[in-house]
Amino acid sequence: MVKKVLFPIELNGSNRYKRDYLIGRFSNYVGFSSADFLEIGIGNGRFGYLLGERVAHYYGIDIDEEYVRIAEGNIPEEANVTYKVGSAEDVPFDKQFDVIFYAQSWHFINDFQKALKEAERVLKSDGIVAILEPSENSRNWASPKLRRGSKEFDEIAFQKKLLDLERGRRAIFNQNLFEVVEVEYDASTTSYFYVLKKSNV
């Protein structure tokens, strides 16, 4: 059985920075506290824990049933959070969202075009797609297989990760369903943040 990668959910310095950074970015585009969020690829529910109490409703999906169960155990008491099993290419919600958020999950998607078609279907006309992705400069990988210096470091897995990240980056720019309206590199988290809006074409 593959060991689950579990991200820390407690409000430590790193997570507090990520939370505040994301709230600042999202607030440039939507009324944050009144927003309906959909996170695609929730893992163990870190971002639902960090953001769920601050939005109107936080929805999330993951293809892994065990991750969904773990995430459900990490829902803050006061948060309005709903998690389901589902994929980026087949979103199991029949509603429209203010924000669709891929939190370090974009590069795992198999069919980017199909995923974007689904995002277009469930996104409000004035909503945003937000993609937070690690960069090739990332140092604090959750998986020890990706951390140089770790006894479990795997060069092949690391190179595959870099290829997946590049494949995901190309997919963002080589599509015509959405306009890329923001690209920011955050040196503190060594991550890229992309914002896409529905194209008027």
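Structure shown above.
Residues numbered from 1 in each chain as written. Predicted model: local features only at pLDDT ≥ 70, side-chain atom pairs only at ≥ 80, totals over all residues. Heavy atoms only, no water.

Focus on the overall build of the protein
Within the protein one finds five helices and seven strands. Across the protein, helices and strands are ordered from the amino to the carboxyl terminus as α-β-α-β-α-β-β-α-β-α-β-β. The C-alpha radius of gyration computed for the protein amounts to 16 Å, which stays within 12% of the reference 17 Å derived for 201 residues, consistent with globular compactness. With respect to the principal axes defined by its C-alpha atoms, the protein has extents near 45 × 40 × 30 Å. Within the protein, buried positions represent 50% of all 201 residues. Taking all contacts inside the protein whose residues are at least 6 apart in sequence as the whole, residues at least 24 apart take part in 64%. Per element, the accessible surface of the protein, about 10,200 Å² overall, is 48% carbon and sulfur. (Helix = DSSP H or I, 4+ residues; strand = E, 2+ residues; numbered from the N terminus. Rg over C-alpha atoms; globule rule 2.2 N^0.38 Å. Buried < 20%, exposed > 50% of the residue type's maximum accessible area, 1.4 Å probe, protein only. Contact = heavy atoms within 4.5 Å. Areas by Shrake-Rupley, 256 points an atom, 1.4 Å probe, with all protein chains shown as cover.)

Some words on unusual backbone geometry
In the Ramachandran plot, Gln-104 falls in the positive-phi region, its phi being about 60° despite a non-glycine side chain. Note that Gln-104 resides in the loop between strand S4 (97-103) and helix H4 (112-122).

A word on helix H3 (residues 65-72)
Where H3 is concerned, the buried positions are Tyr-67, Val-68 and Ala-71. Within H3, the buried residues cover an arc of 100° as seen down the axis, which keeps them to one side. Turned more than 90 degrees off the buried face of H3, the exposed positions are Glu-65 and Arg-69. For H3, the elements touching its buried residues are strand S2 (57-62) and strand S3 (81-85). (Arc of directions from axis to C-beta.)

Description of the packing of aromatic side chains
We describe a pair of aromatic rings using the distance from one ring centre to the other and the angle between the two ring planes. As enumerated under the stated definition, the model contains 18 aromatic pairs in all. A ring pair is formed by Phe-26 and Phe-193, whose centres lie 6.0 Å apart and whose planes are at 65°; its orientation type is edge-to-face. Of the two residues, Phe-26 is situated in helix H1 (residues 13-27) and Phe-193 in strand S7 (residues 191-198); the sequence distance between them amounts to 167 residues. Of the two residues, Phe-26 and Phe-193, neither departs from the other in class, the shared state being buried. Put simply, the rings of Tyr-17, Tyr-21, Phe-26, Phe-32, Phe-37, Phe-47, Tyr-58, Phe-101 and Phe-193 pair up and form one aromatic cluster. Above the ring of Tyr-67, the side-chain terminus of Lys-4 is found at 4.8 Å from the ring centroid. (Phe/Tyr/Trp six-rings, centres within 6.5 Å; stacked < 30°, edge-to-face > 60°. Lys NZ or Arg CZ within 6 Å of the ring centre and 35° of its normal.)

As for the pairing of strand S6 (residues 178-186)
Pairing geometry for S6 and S7, over eight bridges, is antiparallel. The residue bridging Val-183 from the neighbouring strand is Tyr-194, located in S7. Taken together, S6 and the strand that follows it, S7, pair antiparallel across an intervening segment of four residues, in which Thr-190 is found at a positive phi of about 50°. (Pairing = 2+ DSSP bridges.)

Some thoughts on the pattern of salt bridges
Oppositely charged side chains can pair when the atoms bearing their charge come close. This structure, assessed with the given rule, holds 14 salt bridges. Put simply, Asp-36 and Lys-95 hold a salt bridge, and the shortest N to O gap is 3.2 Å. Of this pair, Asp-36 sits in strand S1 (residues 36-40) while Lys-95 sits in the loop between S3 and S4, and the two are 59 residues apart along the sequence. Residue Arg-148 pairs with Glu-155 through a salt bridge whose shortest N-O separation is 3.0 Å. Look at Glu-155 and you get partly exposed, because its relative accessible area is 35%. Via salt bridges that share partners, Glu-136, Glu-166, Arg-169 and Arg-170 belong to a single interconnected network. (Salt bridge = Lys/Arg side-chain N within 4 Å of Asp/Glu carboxyl O.)

Quick look at helix H5 (residues 155-173)
Relative to the 27 Å expected for 19 residues at 1.5 Å per residue, H5 spans 28 Å between its end C-alpha atoms, a close match to the ideal helical length. Inspection of H5 places Phe-158, Lys-161, Asp-164, Leu-165, Gly-168, Arg-169, Ala-171 and Ile-172 among the buried residues, and these make up the whole buried set. Down the axis of H5, the buried set is contained in an arc of 160°. They therefore lie on one face. Turned more than 90 degrees away from the buried face of H5, the exposed residues are Ile-156, Lys-160 and Leu-163. Looking at the buried residues of H5, the elements they touch are H4, strand S5 (123-134), S6 and S7. The N-cap residue of H5 is Asp-154: its side-chain oxygen and the backbone nitrogen of Ile-156 are 3.0 Å apart. (Expected span 1.5 Å × (residues − 1). Polar contact = N/O pair within 3.5 Å; in protein donor to acceptor, adjacent residues only side chain to side chain.)

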